[in-house]
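Now for the letters of each chain:
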Amino acid sequence: MITYQAEGVKMPKIRKRETTAWIKAVAASYGKKVGEVGYLFVDDEKILEVNNEYLGHDYYTDIITFDYDEGDVINGDLVISLDTVKSNAELFGKVYEEELYRVIIHGILHLCGLNDKGPGERELMEAAEDKALALRTGK
């Protein structure tokens with residue numbers, strides 16, 4: 001089950017049923033099933049607080065993924081700062097909605113086992129994001 005909640009921000013206009021089906025399709029392409037996945041949309045101050053408390057980081061991020069996977073079932077909590085998504089969309093010249101969906105699937109890709117910190121991993125993650133976004137839009 002995938003849940004969507006907002007704290008301190010307005011819930012983004014995402015089609016929950018379509019988004020859930022898309023997330024399940026992407027996970028299935030990695031041989032994974034979706035268990036309990038919770039999205040929490042927040043502002044920059046809240047994501048900074050979560051970064052400090054759980055990761056010891058004193059900076060803003062667009063997403064923090066907490067991975068509770070069990071075998072081939074993905075489970076996790078994904079905290080997304082809509083403020084950072086908006087500023088990144090502007091910075092990279094992207095449409096806000098496209099950047100939001102990129103971040104939404106970025107967390108799922110982490111739960112599917114992809115990383116983006118080591119040598120060459122960011123490029124692999126970006127390619128996986130692009131492939132997943134194409135699956136969502138059918139392009």
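Residues numbered from 1 in each chain as written. Predicted model: local features only at pLDDT ≥ 70, side-chain atom pairs only at ≥ 80, totals over all residues. Heavy atoms only, no water.

**Some details on the pattern of salt bridges**
(1) Moving on: Evaluation of the coordinates by the stated rule reveals 9 salt bridges.
(2) Moving on: Across the salt bridge formed by Arg15 and Glu18, the nearest N and O atoms sit 3.9 Å from each other. Each member of the pair, Arg15 together with Glu18, is exposed.
(3) Moving on: Across the salt bridge formed by Asp116 and Arg122, the nearest N and O atoms sit 4.0 Å from each other.
(4) Moving on: Owing to a relative accessible area of 8%, Asp116 belongs among the buried residues under this scheme. (Salt bridge = Lys/Arg side-chain N within 4 Å of Asp/Glu carboxyl O. Buried < 20%, exposed > 50% of the residue type's maximum accessible area, 1.4 Å probe, protein only.)

**Thoughts on the sheet that holds strand 1 (residues 2-6)**
(1) Moving on: One open sheet holds the 4 strands; their spatial order is 1-2-4-3, and the pairing between them is mixed. Both edges of this open sheet fall to strand 1 and strand 3 (63-67), since each of them pairs with a single strand only. Averaged over neighbouring strand pairs, the angle between their axes works out to 15° when direction is ignored.
(2) Moving on: Note that strand 1 and strand 2 (residues 33-42) share 5 bridges and pair parallel. (Pairing = 2+ DSSP bridges. Helix = DSSP H or I, 4+ residues; strand = E, 2+ residues; numbered from the N terminus. Axes fitted to C-alpha atoms, helices over the stretch in contact; angles between N-to-C directions.)

**What to know about helix 5 (residues 121-137)**
The α-helix winds at 3.6 residues per turn, so residues separated by three or four positions along the chain end up facing the same way.
(1) Moving on: Under the 1.5 Å per step criterion, the end-to-end length of helix 5 is 24 Å for 17 residues, consistent within 8% with the ideal 24 Å.
(2) Moving on: Along helix 5, the residues that are buried comprise Met125, Ala128, Glu129, Ala132 and Leu133. Viewed along the axis of helix 5, the buried residues span an arc of 135°, placing them on a single side of the element. Of the residues in helix 5, the exposed ones pointing more than 90 degrees away from the buried face are Glu123, Leu124 and Lys131. (Expected span 1.5 Å × (residues − 1). Arc of directions from axis to C-beta.)

**Remarks on the nonpolar core**
The tendency in soluble globular proteins is for nonpolar side chains to be buried side by side.
(1) Moving on: Ile23, Tyr39, Ile80 and Ile104 are the most contacted members of the largest nonpolar core, which totals 31 residues.
(2) Moving on: For this core, the secondary structure elements donating two or more residues are strand 1, helix 1 (16-29), strand 2, strand 4 (73-81), helix 3 (82-92), helix 4 (96-111) and helix 5.
(3) Moving on: Val42, Ile64, Phe66 and Val79 belong to the second largest nonpolar core, which has 6 residues in total. (Core = buried A, V, L, I, M, F, W, Y, C linked by side-chain atoms within 4.5 Å.)

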